[in-house]
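Structure assessment
Spelled out from the first residue to the last, the chains are:
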Amino acid sequence: MATIVFEDSLTIPACESLPVFRAWTRSDTFPRHGRIDWVHGRIEVDMSPENLFKHGTLKTELAARIYSIVRHDGSGEVFIDRTRVTCPEADLSAEPDVVFVSDAAIDGGRARFVAAAGGGPASFIEVEGAPDLIVEIVSDGSVAKDTERLPRAYHAAGVRELWIVDARCGAPRLDLNEHTSAGYVRRPVDDAGFVRSPVLGCRVRLRATTTARGLPKYDLDVAALE
């Protein structure tokens, strides 16, 4: 397999398997910017910058609110940006927008933190297995990946809940998908616009308003289960 040079800015070595790809992600030659995933035998590369107000601030709001819930409950860890999630059984190694891993998942062996080579205490570089919740925000350059290929891989990995969020055109859409044996099933939205999150143990609703500058401002409302 030949080495691939992408736009003169990225050299991808021959990676014929997930273990070889994982070794590359841990090497000094792996890029420190952009997003590079392994999904069912494909290396998927996105080197374009995130849209500031249709991706960046949206991710900040989602991560902040999820982190607030998890920290209040003391139920686990929340990660964003450059957090690699790998599941050999699903032939997957990706860097989702937001990741929640519960203490129950770690204690029960559904997920584990992979230590860095030669690292000290609490020096971990990867989540292996099945996180409880993953958030993917749809980008123009990765629509099919975000809405088709990654969901199939996350389901195979056993991720309990997958949020697919799309704010590219007008009002943001949050599809909250629950893992079932037959695939992901999108949970219904109630009359007030809330959808139940079994993983977080609450109802959530995503809204958008505008700032004084006319820019999008997002709010993830949280309500108790009825």
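To start, this report covers the structure provided alongside it. Every chain is numbered on its own, with residues counted from 1 as its sequence reads. The predicted nature of this model means local features are confined to residues of pLDDT at least 70 and side-chain atom pairs, given and counted, to a pLDDT of 80 or more, with totals for whole chains, interfaces and linings taken over all residues. Here the side-chain values reflect all heavy atoms present in the structure, with hydrogen atoms and water set aside.

**Describing the overall build of the protein chain**
Threshold: Numbering goes from the N terminus for both helices and strands, where a helix is a DSSP run of H or I of at least four residues and a strand is a run of E of at least two. The globule rule used for comparison is 2.2 Å times the number of residues to the exponent 0.38, while the radius of gyration itself is calculated over C-alpha atoms. Working definition: with a 1.4 Å probe on protein chains only, accessible area under 20% of the residue-type maximum means buried, over 50% means exposed, and in between means partly exposed.
From N to C terminus, the protein chain includes four helices and 17 strands. Relative to its length of 226 residues, the protein chain is compact, with a C-alpha radius of gyration of 18 Å against a globular reference of 17 Å. Seen through its principal axes, the protein chain has C-alpha atoms that stretch 55 × 45 × 35 Å. Taking all 226 residues of the protein chain together, the buried fraction comes to 45%.

**Some thoughts on the pattern of salt bridges**
Operational definition: When a carboxyl oxygen of Asp or Glu lies within 4 Å of a side-chain nitrogen of Lys or Arg, that pair is called a salt bridge.
Counted according to the given criterion, the structure contains 26 salt bridges. When the shortest N-O distance is used, the salt bridge between Arg205 and Asp221 registers 3.0 Å. Placement of Arg205 in strand β16 (residues 202-210) and of Asp221 in strand β17 (residues 216-223) is noted, with a sequence separation of 16 residues between them. A relative accessible area of 24% places Arg205 in the partly exposed class. Given a relative accessible area of 16%, Asp221 falls into the buried group. Here the residues in one salt-bridge network are Arg22, Arg26, Arg112, Glu126 and Glu128, joined through shared partners.

**Things to note about the sheet that holds strand β12 (residues 161-166)**
To keep things clear, this is the line we draw: Paired strands are those between which DSSP finds at least two bridges. For helices, the fitted line uses only the C-alpha atoms of the stretch in contact; every axis is such a line through C-alpha atoms, and the angle between N-to-C directions lies from 0 to 180 degrees. We call two residues in contact whenever any of their non-hydrogen atoms come within 4.5 Å of each other.
Reading across the sheet, the six strands line up as β5-β8-β11-β12-β13-β14 and stay open at both edges, with mixed pairing between neighbours. Unpaired on one side and paired on the other, β5 (76-80) and β14 (183-186) mark the two borders of the sheet. Shown here is a sheet whose adjacent strand axes are inclined to one another by a mean of 20°, direction ignored. Docked against the sheet, helix α2 (residues 52-73) engages β5, β8 (98-102), β11 (133-137) and β12, running at close to 165° with respect to β11.

**Quick word on unusual backbone geometry**
Although it is not a glycine, Arg82 sits at a positive phi angle of roughly 60°. Relative to the assigned elements, Arg82 resides in the loop between β5 and β6 (84-87). A positive phi angle, close to 55°, is found at Asp91, a residue other than glycine. Inspection of the secondary structure assignment puts Asp91 in the loop between β6 and β7 (92-94).

**Describing the pairing of β12**
Condition: For crossovers, right-handed means that the path from the first strand over the helix to the second runs clockwise, given strands pointing away from the viewer.
The buried fraction of β12 amounts to five of the six residues, a majority that puts the element mostly inside the structure. Pairing of β11 with β12 involves five bridges; the strand directions are parallel. Looking at β12, one finds that Ile137 is bridged to Val165. Handedness of the β-α-β unit built from β11, helix α4 (residues 143-157) and β12 comes out right-handed. Joining the antiparallel neighbours β12 and strand β13 (residues 173-180) is a turn of six residues, in which Gly170 adopts a positive phi near 75°.

**Comments concerning helix α1 (residues 18-25)**
The following threshold applies: Think of it as the arc spanned by the lines of direction from the helix axis to the C-beta atoms.
Every buried residue of α1 is accounted for by Leu18, Phe21, Arg22, Trp24 and Thr25. One side of α1 carries all its buried residues, which in axial view fall inside an arc of 160°.

**Remarks on the side chain of Glu44**
As a reminder of what qualifies: The definition of a polar contact used here is a pair of N or O atoms within 3.5 Å, where within protein one atom must be able to donate a hydrogen and the other to accept one, and adjacent residues in sequence count solely through side-chain atom pairs.
Structurally, the position occupied by Glu44 is in strand β4 (residues 42-46). One polar contact links Glu44 to Arg42, side chain to side chain, over a distance of 3.3 Å. Among the polar contacts listed, one links the side chain of Glu44 to the side chain of Arg149, at a separation of 2.7 Å. Contacts of Glu44, omitting those with residues within four sequence positions, involve Arg35, Ile36, Asp37, Val39, Lys145 and Arg149.

**Remarks on the nonpolar core**
In plain terms, the rule: Think of a nonpolar core as a cluster: buried Ala, Val, Leu, Ile, Met, Phe, Trp, Tyr and Cys residues, connected wherever their side-chain atoms sit within 4.5 Å.
The biggest cluster of nonpolar side chains holds 25 residues, and the ones touching the most others in it are Leu62, Ile66, Val135, Trp163, Val165 and Leu200. Within the residue set of this core, elements represented by two or more residues are α2, β8, β11, β12, β13, β16 and β17. For this core, the element with the most residues is α2, which contributes six residues. Core analysis: the second largest hydrophobic core is formed by 21 residues, Val39, Leu92, Val99 and Val159 among them.

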